[in-house]
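An overview of the molecular structure
Now for the letters of each chain:
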Amino acid sequence: GKDYHYTINKFIELFGLKGKIVLNNQEPLWLIGITESGRILNSEAAVIDDYVNEEIEETFLVRRPLSRKDIKRIEYFRSLDGKVKFIRENFSVSPKASEEILAAIRNASLLVFAPTTFFSSLAPTLITQGVSQEIRGSKALKISIANLVQERGRRSVSEHAQELERYINFKLEGNEIYSTIDYLIVNTHGYRTDGVTEASRIAIDKYQLNNFEFETIEIYAEDISAKDKHQYPLIAQILLSLNGIDK
């Protein structure tokens, strides 16, 4: 059979690269989503590119793309909650996390939630069986790095952080403690507190950030030579410093 984990790490070895990539699961699944208005996003590409002015209500892992008949059955429900419930009960699957990823989380001293296309990259990992539970039980330092630009919709930095914590606490059991990140690294964009001039920039709602348990670190981390990219050496230095301080 296909062993993606072996193949990826063999390439790393062949090219003499450092580090290791651990997959959450090797089962070939399909990513779909539904927007706040009930529009179906029937592929990972659609989750990233379609109806970008709308927020995503939820994403799901399924075994195959939805057919036209499937979508019509979903659209039969008028309410967003009804559509979400129908997808969960009839199409959504919850793959079991690989032992490699659970062990990696368990043995980590630092967990970093890097800048990413959240709903197509991080969310599918967090809803994989066992991942969010392992993160909640981990004593590792948890640090999130806010995106520089808006992925889609209109969420502010605090709303993005809230969404991350919602997924970290995915299917929280009654005897488990709600888990939060420890630090959020935010690029200052020159610092504006409630909204931004450039439409692509994520609004930094500083006062709402103060309501969270985590500590916000404000720093100008944008690489002026690479549009919409972080200064990765600076970010790495901050991460290593925080990890050393909190030990």
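Residues numbered from 1 in each chain as written. Predicted model: local features only at pLDDT ≥ 70, side-chain atom pairs only at ≥ 80, totals over all residues. Heavy atoms only, no water.

1. Some details on the layout of surface pockets
Considering only enclosed or pocket space, the largest pocket measures out at about 800 Å³ in volume. For the largest pocket, the lining is made up of 30 residues, of which Val22, Leu23, Asn24, Ser121 and Thr125 are closest to its centre. Secondary structure elements with two or more residues in the lining of the largest pocket: β1 (30-35), α5 (99-107), β4 (110-113) and α6 (118-126). Ranked by residue count, the leading element in the lining of the largest pocket is α6, at four residues. Partitioning the lining of the largest pocket into residue classes produces 18 nonpolar, nine polar and three charged. Residue lining of the second largest pocket: 14 residues in total, with Glu58, Arg88, Ile127, Phe170 and Lys171 positioned closest to the centre. (1 Å grid on protein atoms, 1.4 Å probe; cavity = no way out; pocket = protein on both sides within 12 Å on 5 of 7 lines; lining within 4 Å. Points joined across faces, edges and corners; volume = space filled by probe spheres on them. Helix = DSSP H or I, 4+ residues; strand = E, 2+ residues; numbered from the N terminus. Nonpolar A, V, L, I, M, F, W, Y, C, P; charged D, E, K, R; others polar.)

2. A few points about the confidence of the model for the chain
Detailed reading of the predicted model is not advised wherever pLDDT is low. For the chain, mean pLDDT is 88; residues scoring 70 or higher make up 94% of the total. Counting interchain partners and residues more than four positions distant, the pLDDT-below-50 stretch residues 190-197 has 19 contacts. (pLDDT = per-residue confidence, 0-100. Contact = heavy atoms within 4.5 Å.)

3. Overview of the side chain of lysine 142
Locating lysine 142 in the fold gives a position in strand β5 (residues 141-145). Within the buried core, lysine 142 has no salt-bridge partner, and the shortest N-O distance to an opposite charge, that of aspartate 182, equals 5.1 Å. From its side chain, lysine 142 meets the backbone oxygen of serine 138 in a polar contact 3.0 Å long. Look past the residues within four positions of lysine 142 in its chain and what remains in contact with it is Leu111, Phe113, Ile135, Ser179, Thr180, Ile181, Asp182 and Tyr183. (Buried < 20%, exposed > 50% of the residue type's maximum accessible area, 1.4 Å probe, protein only. Lys, Arg positive; Asp, Glu negative; His and termini not counted. Salt bridge = Lys/Arg side-chain N within 4 Å of Asp/Glu carboxyl O. Polar contact = N/O pair within 3.5 Å; in protein donor to acceptor, adjacent residues only side chain to side chain.)

4. Section: the packing of aromatic side chains
For the structure on display, the rule yields eight aromatic pairs. On the numbers, 5.1 Å between centres and 85° between planes, the contact of phenylalanine 118 with phenylalanine 119 is edge-to-face. Judged by relative accessible area, which is 12%, phenylalanine 118 ranks as buried. Taking 4.8 Å as the distance between ring centres and 25° as the angle between the ring planes, the aromatic pair formed by phenylalanine 212 and phenylalanine 214 counts as stacked. The exposure class assigned to phenylalanine 214 is buried, which follows from its relative accessible area of 5%. (Phe/Tyr/Trp six-rings, centres within 6.5 Å; stacked < 30°, edge-to-face > 60°.)

5. Here's the deal with helix α4 (residues 80-90)
Considered for burial, the residues of α4 that qualify are Gly82, Lys83, Val84, Phe86 and Ile87. Tucked inside the fold, the buried residues of α4 contact β1, β2 (40-41), β3 (56-62) and α3 (68-75).

6. Notes on the pairing of β5
The element β5 is largely enclosed, with a buried count of five among its five residues. The alternating pattern of β5 places Leu141, Ile143 and Ile145 and Lys142 and Ser144 on opposite faces, both of which are buried. The pairing of β4 with β5 spans four bridges and is classified as parallel. Paired with leucine 110 across the bridge in β5 is leucine 141. In the classification by handedness, the crossover that spans β5, the intervening helix α8 (residues 157-168) and the parallel strand β6 (residues 183-187) is right-handed. (Pairing = 2+ DSSP bridges. Right-handed = clockwise from strand over helix to strand, strands pointing away.)

7. A closer look at the pattern of salt bridges
When the charged atoms of two side chains lie near each other, side chains of opposite charge can form a pair. Enumeration according to the criterion identifies eleven salt bridges in this entry. In this structure, glutamate 27 and arginine 63 form a salt bridge, with 2.2 Å as the shortest nitrogen-oxygen distance. Of this pair, glutamate 27 sits in the loop between α1 (4-14) and β1 while arginine 63 sits in the loop between β3 and α3, and the two are 36 residues apart along the sequence. Judged by relative accessible area, glutamate 27 falls into the partly exposed class, the value being 35%. We classify arginine 63 as exposed; its relative accessible area is 54%. In this structure, arginine 154 and glutamate 36 form a salt bridge, with 2.9 Å as the shortest nitrogen-oxygen distance.

8. Quick notes on the packing of α6 against α8
The geometry of α6 relative to α8 is characterised by a closest axis approach of 9 Å and an angle of 30° between their N-to-C directions. With respect to their mutual orientation, α6 and α8 come out roughly parallel. Two packed elements cross with a definite hand, and for α6 against α8 that hand is right-handed. Residue-level contacts link Phe118, Phe119, Leu122, Ala123 and Leu126 of α6 to Glu163, Leu164, Tyr167 and Ile168 of α8. Residues that form the contact of α6 with α8 fall into these classes: eight nonpolar, no polar and one charged. (Axes fitted to C-alpha atoms, helices over the stretch in contact; angles between N-to-C directions. Parallel < 35°, antiparallel > 145°, perpendicular 65-115°, else oblique. Left-handed = near helix turned anticlockwise from the far one by under 90°.)

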